[in-house]
Amino acid sequence: MSIQSEEFLRFIKLLHDNECLDHVILVGSWSEFLYRDSGMIRGFDPNLKTLDIDFLLKNLKKPLNPVNLIELAKADGYLVESDYITGATKIYDKRGLEIEFLLNKVGAGAETVLKTNLGVTAQTLRHMNIILRNTVQVEYFDMKVTVPIPEAYLLHKMIINDQRGIKQEKDRQAIVNLWEYIDKEKLSELYIKLTKKEKESVNVFMAHNDLTI
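Each chain carries its own residue numbering, running from 1 in the written order of its sequence. This being a predicted model, a pLDDT of at least 70 is required before a residue's local features are given, and a value of 80 or more before pairs of side-chain atoms are given or counted; all residues contribute to the totals for chains, interfaces and linings. The side-chain numbers reported here are obtained from all heavy atoms of the structure, hydrogens and water having been left aside.

*Asks:* Is there a simple way to explain the pairing of strand E3 (residues 79-82) in this structure?
*Replies:* The two faces of a sheet get side chains in turn, since along a regular strand they alternate between them. At least two DSSP bridges between two strands are required for those strands to pair. To qualify as a helix, a DSSP run of H or I must reach at least 4 residues; to qualify as a strand, a run of E must reach at least 2; elements of each kind are numbered from the N terminus. In the sheet, E3 pairs with strand E4 (residues 89-92) via four bridges, with the strands oriented antiparallel. Among the inter-strand pairings, Val80 is bridged to a residue of E4, identified as Ile91. Taking the residues that link successive antiparallel strands as the turn, the E3-E4 hairpin has six residues, and the phi of Gly87 there is positive, at about 90°.

Quick look at the structure:
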């Protein structure tokens, strides 16, 4: 196990031991890591080159009994800061992993961050519905971690690819790398439920990368 994987496991265990793990969805590239290590996608080799770990909160008002994850992380040796621009909570370990929390942005609200019952301030982002509605729990060292199903994970990455800046090419490679392992029929089912604008983004990405459903 690499140092990064050890630190990832350590934080997952912190969430589990404090009854926080059921309230978050692991999103971003570390989902690919669990697709492989949980045995969910056999033969898949993720090209994991990121120190960022992102969690999407299922509901900002859960758990009903609030938890102070910031203090729990500090007590376990993590450094906790607020983003100087947005105010979003960032948790760092001593080896460089950066952990952030996200919320699905709904309506026309202007809020870019919101406080949550996990005690962290999470960044609000659009186009997270496809992940919220399409998840699965995988076993990881006797813990159940919620991740997006691979088809929802890929569609989300396609939708936001043109917004990713310097991470755009890395995400493109991740999509192409995972493409052969996904259920194309399931992908089609999810595609139909996207908004018109989201479908346009997916269509553009697939056309540019010679992908077809």
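*Asks:* Quick question: what am I supposed to make of helix H2 (residues 30-37) here?
*Replies:* Three or four residues apart is the spacing at which side chains of an α-helix point the same way, because the helix has 3.6 residues per turn. Burial analysis of H2 places six of its eight residues in the buried class, the great majority of the element. Any residue under 20% of the maximum accessible area for its type is buried, any over 50% is exposed, and the rest in between are partly exposed; the area is computed with a 1.4 Å probe on protein chains only. Within the sequence span of H2, burial applies to Trp30, Ser31, Glu32, Phe33, Leu34 and Tyr35.

*Asks:* I keep staring at the packing of helix H5 (residues 150-160) against helix H6 (residues 168-179) and nothing clicks. Help me out?
*Replies:* A pair of packed helices can be characterised by two numbers: the angle between their axes and the separation between those axes. For helices, the axis comes from a line fit to the C-alpha atoms of the stretch in contact; other axes are also lines fit to C-alpha atoms, and the angle between any two N-to-C directions lies between 0 and 180 degrees. With their axes 10 Å apart at the nearest point, H5 and H6 run at an angle of 150° to one another. Taken together, the axes of H5 and H6 lie roughly antiparallel to each other. With respect to the hand of their crossing, H5 and H6 are arranged in left-handed fashion. Here Tyr153, Leu154, Lys157 and Met158 of H5 lie close against H6, whose contacting residues are Asp171, Ile175, Leu178 and Trp179. Under this scheme an angle from 65 to 115 degrees is roughly perpendicular, one under 35 degrees roughly parallel, and one over 145 degrees roughly antiparallel; angles in between are oblique. Throughout, a crossing is termed right-handed when the near helix is turned clockwise from the far one, and left-handed when it is turned anticlockwise from it by less than a right angle. The contact criterion used is simple: two residues touch if any of their non-hydrogen atoms lie within 4.5 Å.

*Asks:* What am I meant to see in the layout of surface pockets here?
*Replies:* Empty space among the atoms becomes visible once a probe the size of a water molecule is rolled across them. A 1.4 Å probe that fits but cannot get out identifies a cavity on a 1 Å grid over protein atoms alone, an open set with protein on both sides within 12 Å along at least five of seven lines counts as a pocket, and a residue lines either if it has an atom within 4 Å of a point. Grid points are joined across faces, edges and corners, and a volume is the space filled by probe spheres set on the points. Empty space within the largest pocket amounts to approximately 670 Å³. Taken together, 27 residues form the lining of the largest pocket, with Asp54, Leu102, Leu125, Ile160 and Arg164 sitting closest to its centre. Residue assignment for the lining of the largest pocket shows that the elements contributing at least two residues are strand E2 (52-57), strand E5 (98-104), strand E7 (121-125), H5 and H6. No other element matches the four residues that H5 contributes to the lining of the largest pocket.

*Asks:* It is not clear to me how the side chain of Ser5 should be interpreted in this structure. Could you clarify?
*Replies:* Relative to the helices and strands, Ser5 resides in helix H1 (residues 3-17). The residues contacting Ser5, other than those within four sequence positions of it, are Trp30, Phe33 and Tyr140.

*Asks:* Please explain the environment of Lys184 as it appears in this structure.
*Replies:* Tracing the backbone through its elements, the reader meets Lys184 in helix H7 (residues 184-192). On the basis of relative accessible area, Lys184 is assigned to the partly exposed category, the value being 26%. When the C-alpha positions of Lys184 and Glu111 are compared, they lie 36 Å apart, and in sequence the two are 73 residues distant. If sequence neighbours within four positions are ignored, Lys184 has contacts with Trp179 and Ile213. A polar side-chain atom of Lys184 sits 2.9 Å from the main-chain carbonyl oxygen of Trp179. Definition of a polar contact: a pair of N or O atoms within 3.5 Å, with one able to donate and the other able to accept a hydrogen when the atoms are protein atoms, and with sequence-neighbouring residues admitted only if both atoms are side-chain atoms.

*Asks:* Looking at this model, I keep getting lost on the nonpolar core. Mind explaining?
*Replies:* The nonpolar side chains of soluble globular proteins are, as a tendency, buried together. In these notes, a set of buried Ala, Val, Leu, Ile, Met, Phe, Trp, Tyr and Cys residues joined through side-chain atoms within 4.5 Å is what counts as a nonpolar core. Ranked by internal contacts, the top residues of the largest apolar core, which has 65 residues, are Phe55 and Phe101. Per-element tally for this core: the top contributor is H5, with seven residues. Once residues within four sequence positions are removed from consideration, Phe101 is found in contact with Phe11, Phe55, Leu57, Leu69, Thr89, Ile91, Val120, Ala122 and Gln123.

*Asks:* Hey, could you run me through the pattern of salt bridges in this one?
*Replies:* Side chains that carry opposite charge are capable of pairing whenever their charged atoms lie near each other. One side-chain nitrogen of Lys or Arg within 4 Å of one carboxyl oxygen of Asp or Glu is enough to make a salt bridge. In the structure shown here, the tally under the stated rule is 17 salt bridges. For the salt bridge of Asp45 with Arg36, the shortest nitrogen-to-oxygen distance reads 3.7 Å. Residue Arg36 is classed as partly exposed on the basis of its relative accessible area, which comes to 32%. A salt bridge links Asp52 to Lys167, with the nearest nitrogen and oxygen atoms 3.0 Å apart.

*Asks:* How should the environment of Lys144 be read in this particular structure?
*Replies:* Within the secondary structure, Lys144 sits in strand E9 (residues 143-148). For the pair formed by Lys144 and Asn18, sequence separation is 126 residues and the distance between their alpha carbons is 14 Å. Leaving out residues up to four positions away in the same chain, Lys144 has contacts with Leu21, Gln137, Val138 and Glu139.

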